[in-house]
Amino acid sequence: MTFREKSAPAAGRSSANTESRSNGSAKKSVWEYAPSAESTDHILLKDKYDLFINGKWVRTQKYFATINPATEEKIAEAAWASKDDVNRAVLAAEKAYNNVWSKTSPKERAKYIFRIARIMQEKAREFAVIETMDGGKPIKESKSVDVPLALAHFFYYAGWADKLKYAFPNQDFSPIGVVGQIIPWNFPLLMAAWKIAPALACGNTVVIKSAETTPLTLYKLAEVIQEAGLPDGVVNILSGAGDTGAAIVNHPKVKKIAFTGSTEVGKLIMRSVAGTSKKLTMELGGKAANIIMEDAPIDQAIEGIINGIYFNQGHVCCAGSRLFVQESIKNTVIKKLKHRLKSLRVGDPLDKNTDVGAINSKMQLNKITELVNSGVEEGCTLFQPECSLPAKGFWFRPSFFTNVAQSNRIAQEEIFGPVLSVLTFRTPKEAIEKANNTQYGLSAGIWTDKGSKIFKMVGAIKAGVVWSNTYNKFNPASPFGGFKESGFGREGGLQGLKEYLNF
Ligand code: NAI
Ligand code: MG
């Protein structure tokens, strides 16, 4: 790491990310990180991506541009799958199911899934860079979280493929058939892995659709699937918008829908499949409580708060977006939080030193801005570190609100951005009541030195995942999913396998 010494604060994009130190005289030294951009030379991208149906690239009528949200430049065009294209993909998946995949032994299925995982691993760096370019997340996150976790899911479920009768002893089960999978833009490759790996392990065939702003890593995965020699039609990969998703949901030959996205669209999908025999898993929104007790290791908790809400620009369904601090330590926590926020580096997602990247889309930026404005209008106090943002692209400063009431919109609605609402409590009972005062129930965090407090509170909080003295920890072996309007069904672990079988 090289440092440049300056006599005045730097202008431009990185000035906020500089650290000021007094050198004993009136003159201030500003230390700045040297740029550390990840190279994009090794990235192989096409100008135009067709649909991946029946093991081949298939053209369609309409295409849309996918841009880099950090530069607003077009990266490539991707196919917008029509209803006819969806039909073609579903028929290919049905044929592959009947003629090939249902006759492939579990051991052979496992080999294919292992092979996909290994090829992905070889291309890990390329996947990470493309994920960052297409979606705006910091390269250090796509490299250390998105891609390795996606791989881990393929490896993990490959291991289960020929051991299902040990997973579910003394039970009769069979694959479901063709499954439709619809994913969001916050963790494209990882969500695809969460969905495709268990589906294949259980013997199903797949039609999956990426989200509007992030089609590219799924098409890279299509290339891997081709290279792995997976039989044609077992996995079909589409891109498109809500109409493409709806065509998958409504196709009569699709036997199960696995959806991750907004609660609003989740409800639409539930309405459409009501009265059919389609199985459903829904992984929807969240508004997690991250609870800091007065006996918590404060500095660790501060890191947990930062990771909980600013990881992936807060575009995280399980983000710790409501911070509950015990009143006695409120001032300390806020002081430390302010200090820590000032050191977060916002900017070029491809720079290895960047902590907070670009907001995924203009639309999402507008949504965050609107909700933050509502917080200010409702009388909450906004803290944002001073930082200059790049001129092009979509950016939002890491922010937090104090003086928040439980009824404020920013305390109730999913902002899905780098914005934290800080609330307080006096007793564990009050913390639990407040934590549960939400329509959602996906995740939560508890920070305390006392194990007994952890056990007591974990049981009382209505959330699918509760982390204690840590946050945002994932493992393919542990199930993930929600209560209430955060959805139902589980992904990951044995529970995640179960969702892809008929019993
Ligand atoms: P969205 O729920 O509209 O999109 C998710 C996926 O569903 C995309 O692939 C989309 O094309 C598809 N889709 C949209 N309408 C559909 C329909 N009628 N039938 C089938 N599929 C459909 O999410 P969007 O609009 O991108 O984001 C809006 C808000 O949703 C965000 O601001 C955030 O609050 C929340 N969100 C939550 C996510 C989570 O993981 N909890 C993920 C993405 C968004
Ligand atoms: Mg994009």
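What counts and how
- Every chain's residues receive numbers from 1 upward, in the order its sequence appears when written.
- Each chain is given a letter, starting from A, and each ligand a number, starting from 1, according to the order in which they appear as written.
- Side-chain atom pairs in this predicted model are given and counted only at pLDDT of 80 or more, local residue features only at pLDDT of at least 70, and totals for whole chains, interfaces and linings cover all residues.
- Only hydrogens and water are set aside; all other atoms, that is, all heavy atoms of the structure, feed into the side-chain values.
- Every axis in this analysis is a line fitted to C-alpha atoms, fitted for helices over the stretch in contact. Angles between the N-to-C directions lie between 0 and 180 degrees.
- Here a helix means four or more residues in a row that DSSP labels H or I, a strand means two or more in a row labelled E, and each is numbered from the N terminus.
- Throughout this description, any angle smaller than 35 degrees is read as roughly parallel, any larger than 145 degrees as roughly antiparallel, any in the 65 to 115 degree range as roughly perpendicular, and the remainder as oblique.
- By convention, the crossing between two helices is left-handed when the near helix turns anticlockwise from the far helix through less than a right angle, and right-handed when the turn is clockwise.
- Residue contacts follow a heavy-atom distance rule, with two residues in contact if any of their heavy atoms lie within 4.5 Å.
- Only Asp, Glu, Lys and Arg are considered charged in this grouping, and only Ala, Val, Leu, Ile, Met, Phe, Trp, Tyr, Cys and Pro are considered nonpolar; every other residue, Gly among them, is considered polar.
- A molecule or strand has a residue near it when one of that residue's heavy atoms lies within 4 Å.
- Distance and chemistry together define a polar contact, namely a pair of N or O atoms within 3.5 Å, with one atom able to donate a hydrogen and the other to accept it when in protein, and with adjacent residues in sequence counting only for side-chain atoms on both sides.
- In short, Shrake-Rupley with a 1.4 Å probe defines the accessible areas, and a residue's cover is counted only from the protein chains shown.
- Water is not among the atoms examined, so metal sites may look incomplete; donors are the N, O and S atoms within 2.8 Å of the metal, or within 3.2 Å for Na, K and Ca.
- Buried, partly exposed and exposed residues are distinguished by accessible area as a fraction of the type maximum, computed with a 1.4 Å probe on protein chains only: under 20%, between the cut-offs, and over 50%, respectively.
- Note on definitions: salt bridges are taken to be side-chain nitrogens of Lys or Arg within 4 Å of carboxyl oxygens of Asp or Glu.
- Take the residue count of a helix, subtract one, and multiply by 1.5 Å to get its expected span.
- As used throughout, the charge tally considers Lys and Arg to be positive and Asp and Glu to be negative, leaving His and the chain termini uncounted.
- Stacked, edge-to-face and tilted labels apply to pairs of Phe, Tyr and Trp rings (six-membered ring for Trp) whose centres lie within 6.5 Å, assigned for plane angles under 30 degrees, over 60, and everything in between, in that order.
- Two limits define a charge over a ring: the Lys NZ or Arg CZ must be within 6 Å of the ring centre, and within 35 degrees of the ring normal.

Observations concerning the packing of helix H3 (residues 124-135) against helix H4 (residues 139-160)
Line of reasoning, step 1. With their axes 9 Å apart at the nearest point, H3 and H4 run at an angle of 125° to one another. The angle between H3 and H4 places the two elements in the oblique class. Of the two elements, H3 crosses H4, and the hand of that crossing is right-handed. Of the residues in H4, those touching H3 at Ala124, Phe127, Ala128, Val129, Glu131 and Thr132 are Ile139, Ser142, Lys143 and Val147.
Line of reasoning, step 2. For the contact of H3 with H4, the residue count by class is 6 nonpolar, 2 polar and 2 charged.

Concerning the site of ligand 1
Line of reasoning, step 1. The local shell around ligand 1 holds 27 residues, among which Trp185, Lys209, Ser262, Gln364 and Lys367 are the closest.
Line of reasoning, step 2. Taking Ile183, its main chain carries an N or O atom lying 2.8 Å from an oxygen atom of ligand 1.
Line of reasoning, step 3. Here ligand 1 loses 88% of its free accessible area of 800 Å² to cover by the protein chains.

Focus: the coordination of the magnesium ion (ligand 2)
Line of reasoning, step 1. Taken together, Thr66 (OG1), Ile67 (O), Asp134 (O), Asp134 (OD) and Thr213 (O) make up the full set of protein donors to the magnesium ion (ligand 2), lying 2.2 to 2.5 Å away.
Line of reasoning, step 2. Sequence positions of the donors to the magnesium ion (ligand 2) reduce to the motif T-I-x66-D-x78-T. Of this pair, Thr66 sits in strand S7 (residues 63-68) while Thr213 sits in the loop between strand S11 (205-209) and helix H7 (216-227), and the two are 147 residues apart along the sequence.
Line of reasoning, step 3. Its relative accessible area of 1% is what places Thr66 among the buried residues.
Line of reasoning, step 4. Owing to a relative accessible area of 22%, Thr213 belongs among the partly exposed residues under this scheme.

Things to note about the pattern of salt bridges
Side-chain pairs of opposite charge can arise where the charged atoms are in close proximity.
Line of reasoning, step 1. Applying the stated criterion across every chain yields a total of 23 salt bridges.
Line of reasoning, step 2. Of the charged contacts, one joins Lys123 and Glu227 as a salt bridge, the two residues approaching to 3.3 Å between their closest N and O atoms. A residue pair is termed long-range when its members are at least 10 positions apart, and Lys123 in the loop between helix H2 (106-122) and H3 and Glu227 in helix H7 qualify at 104 residues.
Line of reasoning, step 3. By relative accessible area, which is 25% here, Lys123 ends up partly exposed.
Line of reasoning, step 4. With a shortest N-O distance of 2.8 Å, Glu491 and Lys195 are connected by a salt bridge. Placement of the pair is Glu491 in the loop between strand S22 (487-488) and helix H16 (493-498) and Lys195 in helix H6 (residues 188-201), with a sequence separation of 296 residues.
Line of reasoning, step 5. Relative accessible area serves as the criterion here: at 0%, Lys195 is assigned to the buried category.

Observations regarding H6
At 3.6 residues per turn, the α-helix brings residues three or four places apart onto the same side.
Line of reasoning, step 1. Look at H6: 20 Å from first C-alpha to last across 14 residues, which is about the 20 Å you get at 1.5 Å a residue.
Line of reasoning, step 2. Burial analysis of H6 places 14 of its 14 residues in the buried class, the great majority of the element.
Line of reasoning, step 3. Remark: Gly203 follows H6 within two positions and exhibits a positive phi of approximately 95°.

Focus: the side chain of Glu414
Line of reasoning, step 1. Along the chain, Glu414 turns up in the loop between helix H13 (409-412) and strand S19 (419-425).
Line of reasoning, step 2. Despite being buried, Glu414 has no salt bridge partner; Lys367 is the closest side chain of opposite charge, sitting 5.1 Å away.
Line of reasoning, step 3. At 3.0 Å, the side chain of Glu414 forms a polar contact with the backbone nitrogen of Gly286.
Line of reasoning, step 4. Leaving out residues up to four positions away in the same chain, Glu414 has contacts with Gly285, Gly286, Lys287, Cys317, Lys367, Leu371 and Tyr440.

Comments concerning the packing of aromatic side chains
Line of reasoning, step 1. Here the structure, examined in full by the defined rule, presents 20 aromatic pairs.
Line of reasoning, step 2. Taken together, a centroid distance of 4.9 Å and an interplanar angle of 75° make the contact between Tyr156 and Tyr157 edge-to-face.
Line of reasoning, step 3. By relative accessible area, Tyr157 is classed as buried at 0%.
Line of reasoning, step 4. Ring geometry for Trp194 and Phe474: centres 6.3 Å apart, planes at 50°, overall tilted. You can see Trp194 sitting in helix H6 and its partner Phe474 sitting in the loop between strand S21 (465-468) and S22, a full 280 residues away along the chain.
Line of reasoning, step 5. Given the relative accessible area of 28%, Phe474 is considered partly exposed.
Line of reasoning, step 6. By way of ring pairs, the aromatic residues Trp194, Trp467, Tyr471, Phe474 and Phe480 are connected into one cluster.
Line of reasoning, step 7. The side chain of Lys62 reaches across the aromatic face of Trp80, ending 4.2 Å from its centre.

Regarding the side chain of Thr214
Line of reasoning, step 1. Turning to its location among the elements, Thr214 is positioned in the loop between S11 and H7.
Line of reasoning, step 2. Looking at Thr214, the relative accessible area reads 1%, which means it is buried.
Line of reasoning, step 3. The residues touching Thr214, leaving out its near neighbours within four places in the chain, are Thr66, Asp134, Gly135, Pro184, Trp185, Pro188 and Asn360.

Nothing here speaks to function; it is all geometry.
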